[in-house]
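Each chain, written out:
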Amino acid sequence: METDTITAISTPMGEGAIAIVRLSGPQAVSISAALFQGKDLNEVDSHTMHYGKIIDPETGEMAEEVMVSVMRAPRTFTREDIVEINCHGGLVSVNRVLEIVLASGARLAEPGEFTKRAFLNGRIDLSQAEAVMDLIRAKTDRAMNVALKQMDGRLSKLIKELRQKLLETLAHVEVNIDYPEYDDVEEMSHEMMKEKTREVHEEVTKLLETARQGKILREGLGTAIIGRPNVGKSSLMNALVHENKAIVTEIPGTTRDVIEEYVNVRGVPLRLIDTAGIRETEDIVEKIGVERSRQVLKEADLILFVLNYGDELNDEDEKLFEAISDMNVIVIVNKMDLEPKLDIERVKELAGDHPVISTALVKEEGIDQLEEAIANTFFEGELDSGDMTYVSNVRHVQLLKQAKQALEDAQNGMEMGVPLDVVQIDVTRTWEILGEIVGDTVHESLIDQLFSQFCLGK
Ligand code: GDP
Ligand code: ZN
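Naming follows an unreviewed UniProt entry, where the protein chain appears as tRNA modification GTPase MnmE of Halobacillus yeomjeoni. Taken from UniProt, the Subcellular location (unreviewed entry) comment for the protein chain reads in full: "Cytoplasm". According to the UniProt record, the Sequence similarities (unreviewed entry) comment for the protein chain is "Belongs to the TRAFAC class TrmE-Era-EngA-EngB-Septin-like GTPase superfamily. TrmE GTPase family."

Novice: Explain the site of ligand 1 residue by residue, including any values.
Specialist: Taken together, 16 residues are adjacent to ligand 1, and N230, K233, S235, D337 and L361 come closest. One nitrogen or oxygen atom from the main chain of K233 is found 2.8 Å from an oxygen atom belonging to ligand 1. Measuring from an oxygen atom of ligand 1, one finds a side-chain N or O atom of S235 at 2.6 Å. Compared with its free state, where it exposes 580 Å², ligand 1 has 74% of that area covered by protein. Here the shell around ligand 1 gets three residues from one element, more than from any other, and that element is helix α9 (residues 233–243). Among the residues making up the shell around ligand 1, the classes are represented as six nonpolar, five polar and five charged.

Novice: Now, about the UniProt feature "binding site: Mg(2+)" (unreviewed entry) in the protein chain: what can you tell me, with residues and values included?
Specialist: When the UniProt feature table is mapped onto this chain numbering, "binding site: Mg(2+)" (unreviewed entry) sits at S234 and T255. Mapped onto the elements, S234 comes out in helix α9.

Novice: Give me the lowdown on the packing of helix α7 (residues 190–209) against helix α15 (residues 394–415), citing residues and values where you can.
Specialist: Axis separation between α7 and α15 bottoms out at 10 Å; the angle between their running directions is 155°. Of the possible angle classes, the one that applies to α7 and α15 is roughly antiparallel. Relative to α15, α7 is oriented so that their crossing is left-handed. Judged by residue contacts, H190, M193, K194, T197, R198, V200, H201, V204, T205, L207 and L208 of α7 engage V397, L400, K401, K404, L407, E408, Q411, M414 and E415 from α15. Within the contact of α7 with α15, the residues separate by chemical class into nine nonpolar, five polar and six charged.

Novice: Please give an account of the UniProt feature "binding site: K(+)" (unreviewed entry) in the protein chain that cites residues and values.
Specialist: Sequence positions flagged by UniProt for "binding site: K(+)" (unreviewed entry) are, in local numbering, N230, T249, I251 and T254. The residue N230 is located in the loop between β8 (221–226) and α9 in this model.

Novice: Could you give an account of the packing of aromatic side chains, naming the residues involved and the relevant values?
Specialist: This structure, assessed with the given rule, holds one aromatic pair. Aromatic pair F305 and F321: ring centres 4.9 Å apart, planes at 65°, arrangement edge-to-face. You can see F305 sitting in strand β12 (residues 302–308) and its partner F321 sitting in helix α12 (residues 315–323), a full 16 residues away along the chain. Pair check on accessibility: F305 and F321 agree, each one buried.

Novice: I'd like a rundown of the packing of α15 against helix α16 (residues 420–438), residues and numbers included.
Specialist: Where α15 meets α16, the closest approach of the two axes is 9 Å, and the angle between their N-to-C directions is 170°. Accordingly, the angle class assigned to the pair α15 and α16 is roughly antiparallel. In this structure, α15 contributes R395, H396, L399, L400, Q402, A403, A406, L407, D409, A410 and M414 to the contact, and α16 contributes L420, V423, D426, V427, R429, T430, I433, L434, E436 and I437. Looking at the contact of α15 with α16 residue by residue, the classes come out as 13 nonpolar, three polar and five charged.

Novice: I'd like a description of α12, backed by residues and values.
Specialist: Because an α-helix packs 3.6 residues into every turn, residues spaced three or four apart end up facing the same way. D317, L320, F321 and A323 are the residues of α12 that are buried. Buried residues of α12, seen end-on, are gathered within an arc of 160° and therefore sit on one face of the element. Turned more than 90 degrees off the buried face of α12, the exposed positions are D315 and E322. N-cap assignment for α12: the residue whose side-chain oxygen lies 3.0 Å from the backbone N of E316 is N314.

Novice: Requested: an account of the pattern of salt bridges, with residues and values cited.
Specialist: Between side chains of opposite charge, pairing is possible as soon as their charged atoms come close. Applying the stated criterion across every chain, the model contains 18 salt bridges. When the shortest N-O distance is used, the salt bridge between E195 and R198 registers 3.0 Å. Of this pair, E195 and R198 both sit in helix α7, separated by three residues, roughly a single helical turn. For R228, the salt bridge is made with D311, and the minimal N-O distance between the two is 3.5 Å. Of this pair, R228 sits in the loop between β8 and α9 while D311 sits in the loop between β12 and α12, placing them 83 residues apart in sequence. Three or more residues are tied together by salt bridges with common partners; here these are D4, E80, R107, E113 and R117.

Novice: Mind laying out the side chain of T197, listing which residues take part and the relevant values?
Specialist: In this structure, T197 sits in helix α7. Residue T197 is classed as buried on the basis of its relative accessible area of 1%. A polar side-chain atom of T197 sits 3.1 Å from the main-chain carbonyl oxygen of K194.

Novice: Tell me about the pairing of strand β13 (residues 329–334), residues and numbers included.
Specialist: Counted residue by residue, β13 has six buried out of six residues, so it is predominantly covered. Summarising the sheet, β12 and β13 pair through six bridges and their orientation is parallel. When the bridges of β13 are listed, L304 appears paired with I330. Crossover handedness for the path β12 to α12 to β13: right-handed. Note that β13 and strand β14 (residues 356–358) share three bridges and pair parallel. The residue bridging V331 from the neighbouring strand is V356, located in β14. With helix α13 (residues 344–351) bridging β13 and the parallel β14, this β-α-β connection has right-handed handedness.

Novice: Can you tell me about the sheet that holds strand β2 (residues 19–24), naming the residues and giving the values?
Specialist: Across the sheet, which stays open at both edges, the seven strands sit in the order β3-β4-β5-β6-β2-β1-β7 with mixed pairing between neighbours. With one partner strand each, in any of the chains shown, β3 (36–37) and β7 (107–108) form the two edges of the open sheet. Note that strand β1 (residues 6–9) and β2 share four bridges and pair antiparallel. Note on β2: the bridge partner recorded for A8 is R22. Together, β1, β2 and β7 form the strand contacts of helix α3 (residues 113–120), whose direction differs from that of β1 by roughly 135°.

Each value, and the rule that gives it
- Residues numbered from 1 in each chain as written.
- Chains lettered and ligands numbered in written order.
- Predicted model: local features only at pLDDT ≥ 70, side-chain atom pairs only at ≥ 80, totals over all residues.
- Heavy atoms only, no water.
- UniProt positions renumbered as here; feature names shortened; annotations may be inferred.
- Near = heavy atom within 4 Å.
- Polar contact = N/O pair within 3.5 Å; in protein donor to acceptor, adjacent residues only side chain to side chain.
- Areas by Shrake-Rupley, 256 points an atom, 1.4 Å probe, with all protein chains shown as cover.
- Helix = DSSP H or I, 4+ residues; strand = E, 2+ residues; numbered from the N terminus.
- Nonpolar A, V, L, I, M, F, W, Y, C, P; charged D, E, K, R; others polar.
- Axes fitted to C-alpha atoms, helices over the stretch in contact; angles between N-to-C directions.
- Parallel < 35°, antiparallel > 145°, perpendicular 65-115°, else oblique.
- Left-handed = near helix turned anticlockwise from the far one by under 90°.
- Contact = heavy atoms within 4.5 Å.
- Phe/Tyr/Trp six-rings, centres within 6.5 Å; stacked < 30°, edge-to-face > 60°.
- Buried < 20%, exposed > 50% of the residue type's maximum accessible area, 1.4 Å probe, protein only.
- Arc of directions from axis to C-beta.
- Salt bridge = Lys/Arg side-chain N within 4 Å of Asp/Glu carboxyl O.
- Pairing = 2+ DSSP bridges.
- Right-handed = clockwise from strand over helix to strand, strands pointing away.

Okay, here's the thing in structure tokens:
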């Protein structure tokens, strides 16, 4: 049972004109009221906003002009009383307000603690809580939509339906076993059980198929630009960054604490792998050789392989073609403005099914076509994230894979004529595994670990 009142700055550090200090807990209103000069916050209606001043009780001085929202339990994000103090000053004044709030009896929230309370108080389920984190990290509008839908409970709803279906079959088998004398309850047959598990298996498989897109929306399409020295790799990178606002994201409080470079190409986030490396991929080809480069390229979801139209193909190019043949590749023939020396027919032959795009990067030509090709490799022409339920969370993907396996165990059992009360074990297992996605059957330690990944103040 949580009884203390927590607080944190709940807007991104150093961004935006308004910063919010948020309090949640039984004393949220009384602590704020004691610091606030204006209306008596203890008396105001729930879900109202008030202008006033924060006074430092130690010195009696005004610390900041603020707008304060008061939201009383249970109609709040955490289902506790919440107060949000909107400060319009910069970092210094927000920190000052936070310090005063802390000195007045609130405790600094742990990362993710607001969301954790929302979960523990039954306001949201686990997959929704995880969506909050995805939302914070979303790199593009599309990724944000996916997270919003998950937060909205779309994945949870689907998972709950599947669990319900399994539960009904389990109950049915149970009744057959416990009350064999009930003639009016139809006996669950292998055929019926097969049909039910097949339906659930199909849905789980469909969800898993969205995982690739989900992962990319979440983490970005890991992209490596390769090619011989001087073909135009740096120019390509600059063109992509220049055309598509690069998003530099700092993720504080996470395990990696890195600054990553993202480029948003028509809604597809590209994560430029090892940017420093890309700038000097000369190394990959020349020094480390094809064997090593194969290793480096393994983590890429997309390879942009650049060739020079004004130069002949050589051995190195052929070897690279070989190394990346079964990967997701776009071949870029750059420097189309030069006298042709490249055997374009041979390039097409080597490229096989991979698209070949012509560019003249110095003249900014061909970039549109390239972007279209990049978007196509992701959306494979047809689907759009518009109405899909994507699975984007690594933990969910793992659980879905386990559920799929358990269902297949059940189905194999039935093929071999195993009795239904034994098949039931695998079905029960599936039901439990799916429960972990929405948090019905999870361990406390897992919950702690999950919530500690959140950004502070969420
Ligand atoms: P990298 O070594 O592969 O990174 O190649 P760079 O991007 O540094 O480009 C090498 C040189 O080729 C630079 O002088 C570029 O200006 C030039 N270059 C890039 N794209 C084109 C192009 O489309 N046409 C011509 N003629 N030169 C280009
Ligand atoms: Zn370069």
